Amino acid sequence: ILQYSQVTANFCTKKEPRDIALLHIFLHTTQIMNYREKGNKAFVDREFETARQEYTKGIEVDPEDPRLWSNRAQTFIKLGYPELASVDTAIARSLIEPKIISGKYDDVDLVLLCKNGWREAEALAKCDGFELAASALERLFQIANRRPVAGVDWNAWERERDRYLKKHYQDTTLLNSIGSDRHILLEQLVKMCKFSSCGVYPWDIRSQERCTLGSLASVQKLLEKNSGKGIKVSLVSFPGASQTHEFGIVATENIKKGTILLDEKPLISAHAPGQQLCDFCNKSASSKKFSCPKANCSEIFCSRDCFDKAWRLYHRAICGKNLDLLYEIVNKELKRAGNFLIMILKIFAIAKQQDICPLDIEGIKHLFPFQHSTAWFQHGLIAIDFYFELMNLLKLSVSDPRYEPWIYLTIYRKTKPNTSFFNPLTSTGQFYPIISLFNHHCDPNAGCEDVVSRAIRRGKSFDFGMTLSTQIVATRNIKKGDQVFLNYTLGHDLNILSAVGGTVKASGSTKITRQVLETTYGFHC
């Protein structure tokens, strides 16, 4: 305080550069402490959302303070968002571990390491990641080397690690005994998962503004850009639905069977790493290809036109970057889930090129996010690993409020349940923002067609990997004012492939169909 008084006096009279710098440091440190103390007080008072806000403000000022990350992680656990806590504890660990390993630390640092390690294990366990929770504690044991730490009972913590390992072994044994039947496996996962299904985070202001008259007008403009004929976007409602209103597609005139209602090109296409396919449209590029002109870039395209479109949309942000670490994570996943991760990479690349938050991308912001607990059990924690590599690749800061972990997970949840057609023969997929607005009906009045299905019907040659656009076609007469529906489960069972879109329903009973809808899209039909 005495030093601050002297610095202030000097600043007011002489304005010495050294004193100005000291004053900035003092004010900066005071601001951080103020946010942390406010957060701590709110946490003690069980005002967890207020605590989250204060810790977040502190992180924006000083992202290098591990206490802010770790404290916010504990707040996320209390709020019921352990997936976000797992990210924050990992960041805090990356900031505090090097000090412990180097030996340049004090007792406060060691206490924080242990406290954060416990929180990380707790968060991972609440995400049903019991093996990772045990690994987090084991890592802590090795680095802390069982040094005496106030409040830490190493024997008790070892017993907790063993409990996590036992739970992981029990779950793995049970799942392995079920076999390969996907539907029986999902039934068991529903019983097993403790992590709840997730959609919108309550502090996400954009989600509150999503289904409004203002957003309706902007989505209608997006539809008109994609040659929508005889249809419009409208706010619709469903009995018993959690949302008061949702977007839907309604006929503006009487429509005859066979009428093409929409012909949409995908916003993003994705394919498995290593395939000789165009990075923009998924067309085969093995015989005739256009390589990126940058010498250090290995991406290929089917034409200069596709390269130019990719360059304007997303490619400039990832051109020449080493994607190997990201591809390693993708290859750990099932083919369908891995494609979602590639799509998220491109969405974040679009956001970086436009210098905006990914949630503000046209074609993305109107979509509803959802992720079932079983999907998180199978893919969620791998998606967290992907986030860190993605941010590192694009040179984005995890403390940047436009790219925070909750924003990444919201994008992840927007891509999975919305229209992202996947071809299991070629491991390719496409993301269609407008087709995503068509709601489900088990007896639909419209269906999807692409270039492959049209070529087969006309007896022409085709390329299985090429889907340049997808059309929505009326499958029966539709009256003016009726909502236009698709069946989300058509061709969903990958054991049965439809050569012509919209002709093969998912195999099995109504029970299986309902299971697909509940675990993928979040509603009971």
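These notes cover the structure that comes with them. Residue positions are counted from 1 within each chain, in the order its sequence is given. Given that the model is predicted, a residue must reach a pLDDT of at least 70 before its local features are reported, and side-chain atom pairs must reach 80 or more before they are shown or counted; all residues, however, enter totals for whole chains, interfaces and linings. Based on all heavy atoms of the structure, the side-chain values leave hydrogens and waters out of the count.

1. A word on the packing of aromatic side chains
Argument step 1. Any Phe, Tyr or Trp ring, taking Trp's six-membered ring, that has another such ring centre within 6.5 Å forms a pair; planes under 30 degrees apart are called stacked, those over 60 apart edge-to-face, and the others tilted. Within this structure, the stated rule accounts for 20 aromatic pairs.
Argument step 2. When the centroid spacing of 5.2 Å and the interplanar angle of 65° are considered together, the rings of Phe43 and Phe48 count as edge-to-face.
Argument step 3. With a 1.4 Å probe rolled over the protein chains alone, any residue whose accessible area is under 20% of its type maximum counts as buried; one over 50% counts as exposed, and the rest are partly exposed. On the basis of relative accessibility, which here comes to 11%, the residue Phe48 falls in the buried class.
Argument step 4. On the numbers, 5.4 Å between centres and 85° between planes, the contact of Tyr81 with Trp203 is edge-to-face. Here Tyr81, found in the loop between helix H4 (66-79) and helix H5 (82-102), pairs with Trp203, found in the loop between helix H9 (182-192) and helix H10 (205-208); they are 122 residues apart in sequence, far enough to count as distant.
Argument step 5. The exposure class of Tyr81 is buried, given its relative accessible area of 16%.
Argument step 6. Under the relative-accessibility criterion, Trp203 is labelled buried at 13%.
Argument step 7. Among the aromatic residues, those joined into a cluster by ring pairs are Phe348, Tyr387, Phe388, Tyr403, Tyr408 and Tyr412.
Argument step 8. Geometry around Trp203 places Arg52 over its ring, the cationic atom sitting 4.1 Å from the centre. Strands here mean DSSP runs of E at least two residues long; helices mean DSSP runs of H or I at least four residues long; both are numbered from the N terminus. Both a distance and an angle decide whether a charge sits over a ring: NZ of Lys or CZ of Arg must be within 6 Å of the ring centre and within 35 degrees of the ring normal.

2. Details of H9
Argument step 1. Listed in full, the buried residues belonging to H9 are His183, Leu186, Gln188, Leu189 and Met192.
Argument step 2. In what follows, a contact means two residues having at least one pair of non-hydrogen atoms within 4.5 Å. Its buried side turned inward, H9 meets helix H8 (154-178), helix H15 (373-393) and helix H18 (510-521).

3. Considering the pattern of salt bridges
Argument step 1. In what follows, salt bridge is the name for a side-chain nitrogen of Lys or Arg lying within 4 Å of a carboxyl oxygen of Asp or Glu. The tally for this structure, following the rule as stated, stands at 25 salt bridges.
Argument step 2. The shortest N-O distance in the salt bridge between Glu138 and Arg161 comes to 2.6 Å. Highlighted residues: Glu138 in helix H7 (residues 130-144) and Arg161 in helix H8, separated in sequence by 23 residues.
Argument step 3. Since its relative accessible area comes to 29%, Glu138 is described here as partly exposed.
Argument step 4. Arg161 gets classed as buried once you look at its relative accessible area, which sits at 17%.

4. Observations concerning the nonpolar core
Argument step 1. In this structure, Phe348 and Tyr408 are the most contacted members of the largest nonpolar core, which totals 100 residues.
Argument step 2. Counting residues per element, this core draws most heavily on helix H14 (residues 335-354), at 10 residues.
Argument step 3. Excluding residues that lie within four positions of it along the chain, Tyr408 makes contacts with Leu341, Ile344, Phe348, Ala383, Phe386, Tyr387 and Leu390.
Argument step 4. Counting 23 residues, the second largest nonpolar core, distinct from the first, contains Leu216, Ile249, Phe438 and Ala446. Each nonpolar core is a collection of buried residues, namely Ala, Val, Leu, Ile, Met, Phe, Trp, Tyr and Cys, held together in the definition by side-chain atoms within 4.5 Å.

5. Details of the side chain of Gln471
Argument step 1. Here Gln471 is to be found in strand E11 (residues 470-474).
Argument step 2. Between N or O atoms, a polar contact is any pair within 3.5 Å; within protein, one atom must be a potential hydrogen donor and the other a potential acceptor, and residues adjacent in sequence are included only when both atoms are from side chains. There is a polar contact of 3.4 Å between the side chain of Gln471 and the side chain of Asp263.

6. Examining the sheet that holds strand E10 (residues 446-450)
Argument step 1. Strand order in the open sheet formed by three strands is E3-E11-E10, and the pairing between neighbours is antiparallel. Two strands close off the open sheet at either side, each with one partner strand: strand E3 (260-264) and E10. Across the sheet, the axes of successive neighbouring strands diverge by a mean angle of 20°, strand direction being ignored.
Argument step 2. Where E3 meets E11, four bridges bridge the pair, whose relative direction is antiparallel. Opposite Leu262, over in E11, you have Ile472 as the bridge partner. Whether two strands pair depends on DSSP finding at least two bridges between them. Here an angle of 0 to 180 degrees is reported between the N-to-C directions of two axes, which are lines fitted to C-alpha atoms, with helices fitted over the stretch in contact.

7. A short note on helix H6 (residues 107-126)
Argument step 1. Given a helix with a known number of residues, its expected span is that number minus one, times 1.5 Å. Taking 1.5 Å of rise per residue, 20 residues should cover 28 Å, and H6 covers 29 Å from first to last C-alpha, within 8% of that figure.
Argument step 2. Measuring from the backbone nitrogen of Val108 back to the side-chain oxygen at the start of H6 gives 3.2 Å, which picks out Asp106 as the cap.
Argument step 3. Asp128 occupies a position one or two residues after H6 and carries a positive phi of about 65°.

8. Re the packing of H6 against H8
Argument step 1. Look at H6 against H8: their axes get within 12 Å of each other, and the N-to-C directions meet at 20°. Taken together, the axes of H6 and H8 are roughly parallel relative to one another. In terms of crossing hand, the pair formed by H6 and H8 is left-handed. On H8, the residues touching Cys114, Trp118, Ala121, Glu122 and Ala125 of H6 are Trp154, Trp157, Glu160 and Tyr164.
Argument step 2. Tallied by class, the residues present in the contact of H6 with H8 amount to seven nonpolar, no polar and two charged. Every angle not falling under 35 degrees, over 145, or within 65 to 115 is termed oblique; those three ranges are roughly parallel, roughly antiparallel and roughly perpendicular. Each crossing gets its hand from how the near helix is turned against the far one by less than a right angle, where anticlockwise is left-handed and clockwise is right-handed. In the scheme used here, Gly and all other residues not listed as nonpolar or charged are polar, with Ala, Val, Leu, Ile, Met, Phe, Trp, Tyr, Cys and Pro taken as nonpolar and Asp, Glu, Lys and Arg as charged.

9. Brief notes about the environment of Lys257
Argument step 1. If you trace the backbone, Lys257 turns up in the loop between strand E2 (246-251) and E3.
Argument step 2. For Lys257, a relative accessible area of 62% puts it in the exposed group.
Argument step 3. Residues Lys257 and Ala446 lie 189 residues apart in sequence; the distance between their C-alpha atoms is 8.7 Å.
Argument step 4. Discounting chain neighbours no more than four positions away, the residues touching Lys257 are Ala474, Thr475, Arg476 and Asn477.

10. Side note on unusual backbone geometry
Argument step 1. Within the chain, Arg146 stands out as a residue other than glycine whose phi angle is a positive 55°.
Argument step 2. Residue placement: Arg146 occurs in the loop between H7 and H8.
Argument step 3. Judged by relative accessible area, Arg146 falls into the partly exposed class, the value being 38%.
Argument step 4. Unusually for a residue other than glycine, Lys395 sits at a positive phi of about 55°.
Argument step 5. Tracing the backbone shows Lys395 in the loop between H15 and helix H16 (405-415).

11. Some words on the pairing of strand E8 (residues 428-431)
Argument step 1. The alternating pattern of E8 places Thr428 and Gln430 on one face and Gly429 and Phe431 on the opposite face, and all of these are buried.
Argument step 2. As judged from the four bridges shared by strand E4 (residues 268-271) and E8, these two strands associate in the antiparallel manner. Paired with His271 across the strands is Thr428, a residue of E8.

12. With respect to the packing of H5 against H15
Argument step 1. Two numbers describe how H5 lies on H15: the axes approach to 11 Å, and their chain directions differ by 35°. In the packing of H5 onto H15, the handedness of the crossing is right-handed. Between H5, through Glu83, Val87, Ala90 and Ile91, and H15, the contact on the second element is made entirely by Trp376, Ile384, Tyr387 and Phe388.
Argument step 2. Tallied by class, residues from the contact of H5 with H15 come to seven nonpolar, no polar and one charged.

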